[in-house]
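If you want the building blocks of each chain, they are given just below.
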Amino acid sequence: MLKIIFIFLKISIVYAEAEPALQTKAVIHGEYLARAASCIDCHTANESEPLAGGFEISTPFGIFRTPNISPDKKTGIGNWTSAQFLKALRQGTSPNGAKYYPVFPYTSFSKLTDQDINDIYLYLKSQAPIYKVNAPHKLNFVYRRWQMRFWQFGFFHVPTKNELHELSRDRGAYLAQAVFHCTECHTPRGSMTGSLKESKLLSGAPDVSGGPPIPNITPDPKTGISWTKEQWNTYLSSGFTPSLATPSGEMARVVRNTSRITKEDRAALIKYLQSLRPIENVP
């Protein structure tokens, strides 16, 4: 009997020691994903207030201001459960049932695995809470939150478990479509609905903030990018194109993030980009 009790206590101690280690590993992985997915960039307007929101995004529909996602219980996501966080990213729905505007790229984040979403959640919850009230959006008068229910019905598909499983098996596609959400900027959208034109996936688009057109990154020889693996790797790790040009604006932040991912993930991302169907399109 004493031997059984001793074995039980030993197992309990080992489990107790392993639990914090697993938690720490999840938080580290969550930070890796949060940086790659630009969560930190988009939800930080002031570097002294990381994750406290307020970053402005100019679009044809008006100006959106990102919310506070620090773990502050009054103004951030401190009271959110992991299930509520999952619902926000998977279904584009807030804890109070409101539908998010698709300027928050849940249309891509919905393709993240449950585990990756939970790791991001654990990372965010581990950060310092910052009290900062969310600033309201400044949208054109015709756009209202309640309309998003109809928008989601017509233009948003929540991935099935099988679809999530299939995508996660191709690391490069998963990184491009879910984590880095490349499609959100590099795919043209309908002028009235803002929905992605899937037939022209990653073939370039006008910059909604008024900057230069966002390039076609399919390997089309005339209008796209037919770089070698080495040229892609140089760009995604250092920011230099074959002509020694460097990115600006949002892409500069993206390249900063692609330079931080593992060599294996960068290689998988490049392999996916080179495998895309060439589409002739000048944005």
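Below is a short write-up of the structure. (Residues numbered from 1 in each chain as written. Predicted model: local features only at pLDDT ≥ 70, side-chain atom pairs only at ≥ 80, totals over all residues. Heavy atoms only, no water.)

### Focus on helix α5 (residues 114-125)
Link 1 in the chain: With 12 residues, α5 should cover 16 Å at 1.5 Å per step; its first-to-last C-alpha distance of 16 Å lies within 8% of that length.
Link 2 in the chain: Turning to α5, its buried residues number three or more, namely Asp116, Ile117, Asp119, Ile120, Tyr121, Leu122, Tyr123 and Leu124. (Helix = DSSP H or I, 4+ residues; strand = E, 2+ residues; numbered from the N terminus. Expected span 1.5 Å × (residues − 1). Buried < 20%, exposed > 50% of the residue type's maximum accessible area, 1.4 Å probe, protein only.)

### Brief notes about the packing of helix α8 (residues 171-179) against helix α12 (residues 263-275)
Link 1 in the chain: Where α8 contacts α12, the two axes come as close as 7 Å, and the packing angle between them is 85°. In terms of axis orientation, α8 runs roughly perpendicular to α12. Contacts between α8 and α12 pair Arg171, Gly172, Ala173, Leu175, Ala176 and Gln177 from the former with Asp265, Ala268, Leu269 and Tyr272 from the latter.
Link 2 in the chain: Residues belonging to the contact of α8 with α12 are distributed by class as follows: six nonpolar, two polar and two charged. (Axes fitted to C-alpha atoms, helices over the stretch in contact; angles between N-to-C directions. Parallel < 35°, antiparallel > 145°, perpendicular 65-115°, else oblique. Contact = heavy atoms within 4.5 Å. Nonpolar A, V, L, I, M, F, W, Y, C, P; charged D, E, K, R; others polar.)

### Concerning the sheet that holds strand β2 (residues 62-65)
Link 1 in the chain: Taking strand neighbours across the sheet as the criterion, the three strands line up as β1-β2-β3 in an open arrangement whose pairing is antiparallel. Strands at the two margins of the open sheet, each flanked by one partner only, are β1 (56-59) and β3 (138-139).
Link 2 in the chain: Here β1 pairs with β2 via four bridges, running antiparallel. Across the sheet, residue Ile57 finds its bridge partner in β2, namely Phe64. (Pairing = 2+ DSSP bridges.)

### Structural notes on the layout of surface pockets
Link 1 in the chain: There is about 360 Å³ of room inside the second largest pocket.
Link 2 in the chain: Lining the second largest pocket are 19 residues; nearest its centre among them are Thr107, Lys111, Phe155, Leu196 and Glu198.
Link 3 in the chain: Only α4 (106-109), α6 (148-155) and α9 (183-186) provide two or more residues apiece to the lining of the second largest pocket.
Link 4 in the chain: Residue composition of the lining of the second largest pocket, by class: seven nonpolar, seven polar and five charged. (1 Å grid on protein atoms, 1.4 Å probe; cavity = no way out; pocket = protein on both sides within 12 Å on 5 of 7 lines; lining within 4 Å. Points joined across faces, edges and corners; volume = space filled by probe spheres on them.)

### Considering the packing of aromatic side chains
Link 1 in the chain: Counting across every chain of the model gives 12 aromatic pairs.
Link 2 in the chain: Each ring, one from Tyr100 and one from Phe104, has its centre 5.3 Å from the other, and the planes form 85°; the classification is edge-to-face.
Link 3 in the chain: Through a chain of ring-to-ring contacts, the aromatic side chains of Tyr100, Phe104, Tyr106, Phe109 and Phe156 assemble into a single cluster. (Phe/Tyr/Trp six-rings, centres within 6.5 Å; stacked < 30°, edge-to-face > 60°.)

### Regarding the environment of Val179
Link 1 in the chain: One can find Val179 in helix α8.
Link 2 in the chain: Taking the C-alpha atoms as reference points, Val179 and Ala36, 143 residues apart in sequence, are found 6.6 Å from one another.

### Concerning the pairing of β2
Link 1 in the chain: Between β1 and β2, which pair antiparallel one after the other, the connecting turn spans two residues.
Link 2 in the chain: Direction of pairing for β2 relative to β3: antiparallel, over a ladder of two bridges. Paired with Gly62 across the bridge in β3 is Leu139.

### Re the nonpolar core
Link 1 in the chain: Grouped together as the largest cluster of nonpolar side chains are 54 residues, with contacts concentrated most on Phe85, Leu112, Leu124, Val179, Phe180 and Trp232.
Link 2 in the chain: The residues contacting Leu112, other than those within four sequence positions of it, are Leu89, Arg90, Ile117, Ile120, Leu164, Tyr174, Ala178 and Val179. (Core = buried A, V, L, I, M, F, W, Y, C linked by side-chain atoms within 4.5 Å.)

### Here's the deal with the environment of Leu236
Link 1 in the chain: Here Leu236 lies in helix α10 (residues 229-238).
Link 2 in the chain: For the pair Leu236 and Arg145, spaced 91 residues apart in the sequence, the C-alpha separation amounts to 36 Å.
Link 3 in the chain: Look past the residues within four positions of Leu236 in its chain and what remains in contact with it is Val255, Thr258, Ser259, Arg266, Leu269 and Ile270.

### Some remarks on α8
Side chains that are three or four residues apart share a direction in an α-helix, a result of its 3.6 residues per turn.
Link 1 in the chain: When you tally the buried positions in α8, you get eight out of nine residues, the bulk of the element.
Link 2 in the chain: The set of residues buried in α8 consists of Gly172, Ala173, Tyr174, Leu175, Ala176, Gln177, Ala178 and Val179.

### Observations concerning the packing of α10 against helix α11 (residues 249-258)
Link 1 in the chain: At a minimum axis separation of 6 Å, α10 and α11 run at an interaxial angle of 105°. It follows from the interaxial angle that α10 and α11 lie roughly perpendicular. Between α10, through Tyr235, Leu236 and Ser238, and α11, the contact on the second element is made entirely by Met251, Val255 and Thr258.
Link 2 in the chain: When the residues that make up the contact of α10 with α11 are grouped by side-chain class, the tally is four nonpolar, two polar and no charged.

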